[in-house]
Every structure is written in structure tokens, then in C-alpha cells.
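Observations on the model geometry
In case you want the letters, here they are:
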Amino acid sequence: MSLSHLNAQQQEAVRSVEGPLMVVAGPGSGKTRVMTYRIAHLIGIGVPAYRILALTFTNKAANEMKSRIVQLVGEPSRQIRMGTFHSVFARILRTEAEKIGYQRNFSIYDETDVLGVIKDILSSFGISAQQFNPYAIRSRISNAKNQLLSVDEYAQKSLDLFEQKTAIVFREYQQRLKRNNAMDFDDLLLKPIELFRGNTKVLEKYQEYFRFILVDEFQDTNRAQYALIHELACRYKNICVVGDDAQSIYAFRGADIRNILDFQRDYPETKIIRLEQNYRCTGTILSAADHLIKHNPDQIAKDLWTQNPGGDLITVLDCRDDRDEGETIVTRIFEQLQRLKLDLKDVAIMYRTNSQSRSLEDALRKNSVPYTIVGGVEFYQRKEVKDVLAYLRILVNRQDNDALLRVLNYPARGLGDVAVSRLEAFAGEHSLSLADALVRSKEIAGLSKKAREGFHVFSALLEKYSALLPKITASELSRSLVDEIGILRNFKEEGTTEALSRWENVQELLSAISEFTADHEGSGLAEFLEDAALVAAVDDLDENRNAVTLMTLHSAKGLEYPVVFITGLEEGLLPLYTSMIETKELEEERRLCYVGITRAMKKLFFSYARIRYRFGEMTYQSSSRFLEEIPDELVEKSGRQRYTGLPERSVHTPAWRRRSSPDEDSHYHSDVVPDYDHGDEEGERMNVGMHVEHSVFGRGKILAISGQGESLKAVIDFDSVGRKNLLLKYAHLKTL
DNA sequence: ATTAGGCGATTTTTT
DNA sequence: ATCGCCTAAT
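So, a few notes on the structure that sits alongside this text.

Reading the values: the criteria
Residues numbered from 1 in each chain as written. Chains lettered and ligands numbered in written order. Predicted model: local features only at pLDDT ≥ 70, side-chain atom pairs only at ≥ 80, totals over all residues. Heavy atoms only, no water. Helix = DSSP H or I, 4+ residues; strand = E, 2+ residues; numbered from the N terminus. Buried < 20%, exposed > 50% of the residue type's maximum accessible area, 1.4 Å probe, protein only. Contact = heavy atoms within 4.5 Å. Areas by Shrake-Rupley, 256 points an atom, 1.4 Å probe, with all protein chains shown as cover. Phe/Tyr/Trp six-rings, centres within 6.5 Å; stacked < 30°, edge-to-face > 60°. Lys NZ or Arg CZ within 6 Å of the ring centre and 35° of its normal.

**Digging into the overall build of chain A**
Secondary structure summary: chain A contains 28 helices and 23 strands in total. The buried share among the 736 residues of chain A stands at 55%. Put simply, 74% of the contacts in chain A that link residues at least 6 apart link residues at least 24 apart. Split by element, the accessible area of chain A, about 32,700 Å² in all, is 50% carbon and sulfur.

Here's what the structure looks like:
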């Protein structure tokens, strides 16, 4: 295999196969290419593919890398173990589950599931969720687990009341998961460590197995991940980590930059190779990124350079408000597509928070620009999807009490709190899982007839499908189950737009199951559930679709686009307000901005809005300090020539004035009076006497409008249900 | 005892 | 958008 098209450092990184290696790879320095060739090279010199373990940040990255390697060195290289930490070790845990007291069909709890468990524990312990925020407790527990702290260690260290309560919840939480035969995301890293440390034979097996280990995006690994790879790598020390401290953006999730320092301590013979030549960006873009990141102290010194031409200046778009920002960007997209002869798929719009996507989407939709959005409200988080998944989970893992509780009374079977408590008490007394307790529900004393009936129906359903599970395909089973519980019929009958969308989501889930089992031979429901739990937003990104891509700066990591818009460069947004207090967090925000900048190949835009609607409130924003940190000579300012400052009119402007003709809308620049009371895309154009459509109540007529900003309300006379007083912020009315 | 419906609070980023 | 908490209806 010829490496002649790689530069000297890249070649060295590919060829240094023995011993510990750290590749410090600046953005656009051909990191992925190096990893790909390195693995291909290993196979080329006779290392069997199954002896290679490569850990990536997303499954998508793994799949792409794998296909390229297969192209380079052929089909047998499919045997490489490659994927995210979570998916690779989930697989290993299934094989070894019994050794740590689990069953191989364990459930994986996502963050939402975990939150549910925590809330449930709080209420059963009589701890006030008002006083002790379940989100905060979840994050404390997760942090503790990331730091490899056991419950006992955490309890000992807990000082204040909050930590003491957390320790109590933590203890119960761990027991609960164990009892449910379930693991959370952190367990997928911790349990393998536990397995390896407690079981020398198993450890040796995997150390022999994975003789060559590669870790991508090393700067974003947490302590548990570090410890885990150390267990595997410490014997042969053929470990290569690739990363860039300047692109570390997951400290909030436990990523720990200490890993980079510890690596050199734990593997003293580490060879360090720097990839400093950038092949992606123009000189201007690279220089801007470099100037920005220099404001962070303690970065590993790097001299990034490029042979690429200087290219265009970076354009800063000064926008009146978030809506103007969207419109301006659309205009600029058209301009750049023409100028650079590009497709829509070459353009990405990035933002700090998911909620910013809405005003951007509005503008794109209004101008008929196709777009795809990465993440957002995720499919697998939709209520109806989670409900069906819970049914499947309880079938796969009978001990999964939380999955059972989720759907025990869905659809309604007359089973309320009291009935559930009786069931739980009975299960507790007899040390049974809830599913097993249900089988004996006749023995539970003091149940109403309705509850008795409900338990019986649900239990019969469960037993029927449990028996079917090994006999029919995953696809047949889920379809039949969904039919039997009748939710599709219910959604159809309800007939509202919302119910219809739920109907579609359930159908889509069923298709996803068919598709998955068709694509993955020998896999069934259990495998599907694992896959569904561990998919990342970007995993679903289809680059071939010709559409503008919208995503968070976090999701953008590892990607590149000819034209990039980074939006919302405002104090309090980028950097995000909550992050401006602690320097550490401010530095992370800066790195996040750095990641965004370095995604751009040819042309970069920054935008900010002087007025932005956040949480329904109008706020005056000032431009981000990060813009100040980029030298003026790299930047051209554009957008509004004159800043007129305050809104020219109050939010009480009569609604009729706010109706702008389509013509005005598409040239939404300096002259047109903007809409200051936003609320909803549609919200600002509401007017007394207008006919509207609501997703649940159907058609109606507006009788009155009151309030402003966040609390803008309308009294609407609906054809179906009569008068309602609705908050426009949530009503999502369509004008007719 | 259970359900339906209203109201307010919650959304930073995510494997 | 969804969840928890409350009240009223059944």
C-alpha cells in the first residue's frame, strides 16, 4: 500500500504501529485519513483484523472508516472491532454478562429513563423533587460514576445536604438498575472495568484479543473510558490515541483533559506526533480559528499552517433579530451557491442550542430551501415511540420493571397509583419482578374489580408475546403487538394533526425494526433495542441528500462543509450565559466556537441578532466577545448599515400592521418594519377575526387577543369545542 | 379510585 | 413538547 500521498508526519503516524502513540491532530489535518491508513497498514503487515479495536466518537464515523478500510485492504477487514465506546462495550458485556451478575438481555436506560427512575426513587423515599432537583441529582450521580466513585465512596465524600440526599438516591438507583437487569450509559463503561478487574482470565482474553487499540477524539474521553482502555492496553501498550485538546467540548459530560497528561505518565515511552498542516480551510479561516484559540491559556502549543489560498474574508452578519438572522442567511446561501457553484448539501448552519433552529427553519421553509436537521427533537425520545419501545423492552428483559410501569396503564386499563402500589408491594414481599408478580395478581388482596381485570389483561398480553418472542420475527411481533394494543387505531380515530403525527412515528418505528433486522443478519429485538439506545443524532445524517444541514456545534464535530454559518454570536448565547461565570466553562465555549470555525472549508459566516427571543422574552443581545478576539483584517462586516437601536414600535402594534406581503418578506432588510413580538412564526400575524387551525381543536375564529410577548393569548371560538383561551406560545396556530 | 383537563415549569451541549 | 400537580367529574 502506497503512502506517498501522505505527508511525512502522517506517514510516521501510520507506520509507528508498535508501542504507545499520541497523535495531536489539528483540525483538517487528515486525522481520519491517518487512522484509516494506519489500520489498513496494520492489516497489510499481517495483523488479523479481529485483533484491532478502534473506538470512535460516533457510529457513523466508525462505519465510514470501516468501509474505506474495506476498500483499501479488502473484505476480511470487516472483522475489525470498531464503534463508539458504548456500542463496542455493550456488545462485550452481552457476552460476559453472567460474570458480573447480569443477564445478557439487559436493558439500556437512556437519560430520560434514568431521570424517570430517579424521580420514582425520590417519591418513594419521600424526598421533595422541588427541593432536590432530579436533573441535578442525575448529573451528580453520572459525574460520580464517570469519576469511578462507588456509592460508598461517594457517600463518604458527601458534605452538604444535597450530596447526602444524592448519595441515598444513588444507592437505591444502583440497586434498582441491578434488579431491573438494566444499565445506564455510564455502566456500559464501568461494568467492563468491573469485569476486567475482577476477572483476570477474562481480562487476559481481551488483552490478547485486542492487540492493537486506537482511540479517536481522545480529548473527549472521560475517566472511565480512560481506565477502561488502560485495562486493555497496559499489557501490550500498542495503543494509539488521536485527538486535539483545542477541540475538547464535552467536559460537561465528564470528558477530562487530564487523560492527555495521564497518558504520557502511564505510558512513558509514548511517541508524540503532531499533525499541523491543515488541508481543509482557507488561510483566513485557519488564522481566525488560531487567533481565537490563543485566548485560551494552557493549550498544547501547535503551529497550524496551510498551503491553501487565503480565500475570502469572513463575513459577520449583523442582524436586527433572530428572524432577520434567518432571512439574511437564506439570502447569503443563494449568493454563495451561485458564486461558488455549490449545492445545498455543501452548506451547514450551526448554533449553540437546539432551540435556535426554529427561526432558521422558518426562514428556510418560507423560502423553500430544503434542509435537514441533525438531532433536535429526537425520534427515539417521542412519547409514543418510547411507549412502544417500553413494550418491546419488557418482552426482551422481563425484569425491566421501569419499562413495565411505563406501559402498564398505557393505553388506559384502569390501573392507577393505588393498584400499582399494591402490585409493587406484592412483588416486594415475594421478591418477584413486576412481570412475575402480575402472573400471580389474583393473590393480591384488596383490588378493585377494574384493577383486577386490568392486571389480567396486561399480564395475558405480556405472556402471549413473551411466548411468541422466540417464534416469530421481531418485525412480525412488534407489528402484531402494536395492533393488539390498538394505539394506531386510537391515533387514527382521534384524527388530529398531532395524533396523525404520532401514528406516523409508530409506523416509522415499525419500519425501522423491519429495516434493522433485514440489514443485520441474526439480530432480533434485543439487538434493535440496543442500537436504538445508542444511536447518535449524526449517525442518521445523510450527506447525499441535497439540502442545507442544520445542527448544533457539538454535532458538527468531525464534519466539514464548504460554506458554514455560525449563528448567534452573542454574549449569553455563544458563550452561553451559564458558562460565562467559570473560566473553565468559558474556555470550553471558545473551543466550541473553534470547532465550528474549523468546519468551514471555503467560506465562513458569523451572525448575531441584536434582539433575540429567548424563553418567550425579548432580550437585547450584544455581540460575542469571540468576535472581538478575531483580528479585524480577517473580517468584513455586513448586514445593516445603520443601527437604529430600539424597536421602532411597541409590541402593541395592531396586528394588521404586522401582516407583511410575501414580497416584503423575501427582502426582509432595512426598510421593512420587523416583527418584535414573535412568539410563534404564526403568532405575530394573528388578528381578531382571523380564521385559524389548531392541531387539537381544529378550525376556529379569533375573538380577542391579549397580553404580549410570552403571554400573548387569544380567545378563539372553535367549531368543535367552542371558546378557548390559549397561549399563542404553545398553541401553534395555522392561519387559514 | 381513576381519568380528564388545565396550568405552570422545564429545554445547553449528548454517548 | 412533555411532565407533574391540581381539581373536578365519573
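From this point on, the discussion continues.
**Comments concerning unusual backbone geometry**
In the segment running from Tyr 410 into Pro 411, the intervening peptide bond is cis, with an omega of -5°. In this structure, the amide linkage connecting Leu 574 to the following residue, Pro 575, adopts the cis form with an omega of 10°. Along the chain, Pro 575 turns up in the loop between β15 (561–566) and α25 (583–597). The backbone of Leu 148 shows a phi angle near 65°, a positive value even though the residue is not glycine. Looking at the element boundaries, Leu 148 is found in the loop between α6 (134–146) and α7 (151–157).

**Regarding the packing of aromatic side chains**
Applying the stated criterion to the full structure yields 17 aromatic pairs. Ring geometry for Phe 57 against Tyr 250: centres 5.0 Å apart, planes inclined by 45°, an arrangement best described as tilted. Note that Phe 57 is positioned in the loop between β2 (52–56) and α3 (59–73) and Tyr 250 in the loop between β7 (239–243) and α12 (258–266), a separation of 193 residues in sequence. Seen from their ring centres, Tyr 391 and Phe 458 are 6.1 Å apart, and the 40° between their planes marks the pair as tilted. Of this pair, Tyr 391 sits in helix α16 (residues 383–396) while Phe 458 sits in helix α20 (residues 449–468), and the two are 67 residues apart along the sequence. Since its relative accessible area comes to 0%, Phe 458 is described here as buried. Ring pairs connect the aromatic residues Tyr 50, Phe 196, Tyr 206, Tyr 209 and Phe 210, which therefore count as one cluster. Residue placement shows Lys 492 over the ring face of Trp 503; its charged tip is 3.9 Å from the ring centre.

**Section: the environment of Arg 393**
Its place among the elements puts Arg 393 in helix α16. A residue is classified by how much of its surface remains accessible, and Arg 393, at 12% relative accessible area, is buried. Considering only alpha carbons, one finds Arg 393 and Leu 461, 68 residues apart in sequence, at a separation of 14 Å. The residues contacting Arg 393, other than those within four sequence positions of it, are Ser 107, Tyr 109, Asp 113, Asp 400, Ala 403 and Leu 529.

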